[in-house]
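Below, each chain spelled out in residue letters.
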Amino acid sequence: MLTHLTINNYVLIESLDIDFQHGFSVMTGETGAGKSIILGALGLLMGVRADSGAIMPGTAKCRASSISKVMI
């Protein structure tokens, strides 16, 4: 289970930390709110091929990291 997500310098996100609580989590928001950008960062964590165009302009690198916990 994903418990924490950190994103830095990815597309339009300078810095973002999200804590996910145990149970069902939903991301909602208006069109253009950035939900797809967060899903793109999650894709990087799952091994999707990275694109240098996703690095925030004016920065040298981006980072997406997560903390997961196995639920038994």
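Residues numbered from 1 in each chain as written. Predicted model: local features only at pLDDT ≥ 70, side-chain atom pairs only at ≥ 80, totals over all residues. Heavy atoms only, no water.

Visitor: Would you mind going over the side chain of Thr 3 with me for this structure?
Guide: You can see Thr 3 is positioned in strand 1 (residues 2-10). Given the relative accessible area of 17%, Thr 3 is considered buried. Not counting the four nearest positions on each side in its chain, Thr 3 is found in contact with Ile 18, Asp 19, Phe 20, Ile 67, Ser 68 and Lys 69. (Helix = DSSP H or I, 4+ residues; strand = E, 2+ residues; numbered from the N terminus. Buried < 20%, exposed > 50% of the residue type's maximum accessible area, 1.4 Å probe, protein only. Contact = heavy atoms within 4.5 Å.)

Visitor: What is the right way to look at the side chain of His 4 in this model?
Guide: Tracing the chain through its elements places His 4 in strand 1. Within the local environment of His 4, its side chain forms a polar contact with the side chain of Thr 6, the two groups lying 3.0 Å apart. Of the polar contacts made by the side chain of His 4, one reaches the backbone oxygen of Ile 18; its length is 3.3 Å. Apart from the residues lying within four places of it in its own chain, the contact partners of His 4 are Asp 17, Ile 18, Asp 19, Phe 20, Ser 65, Ser 66 and Ile 67. (Polar contact = N/O pair within 3.5 Å; in protein donor to acceptor, adjacent residues only side chain to side chain.)

Visitor: Where do I start with the nonpolar core in this structure?
Guide: Considering soluble globular proteins, one finds that nonpolar side chains tend to be buried as a cluster. The biggest cluster of nonpolar side chains holds ten residues, and these are Leu 5, Ile 7, Tyr 10, Ile 13, Ile 18, Phe 20, Ile 37, Ile 38, Ala 41 and Ala 54. Those residues in contact with Ile 38 that lie beyond four places of it in its chain are Leu 5, Ile 7, Ile 13, Leu 16, Ile 18 and Met 27. (Core = buried A, V, L, I, M, F, W, Y, C linked by side-chain atoms within 4.5 Å.)

Visitor: Would you take a moment to explain helix 1 (residues 35-45) for this structure?
Guide: For an α-helix, the turn length of 3.6 residues means that residues three or four places apart are oriented alike. What helix 1 keeps buried is the set Ile 37, Ile 38, Ala 41 and Gly 43. Buried residues in helix 1 make contact with strand 1, strand 2 (13-19) and strand 3 (63-68). With its phi angle positive at about 100°, Gly 47 sits one or two positions after the end of helix 1.

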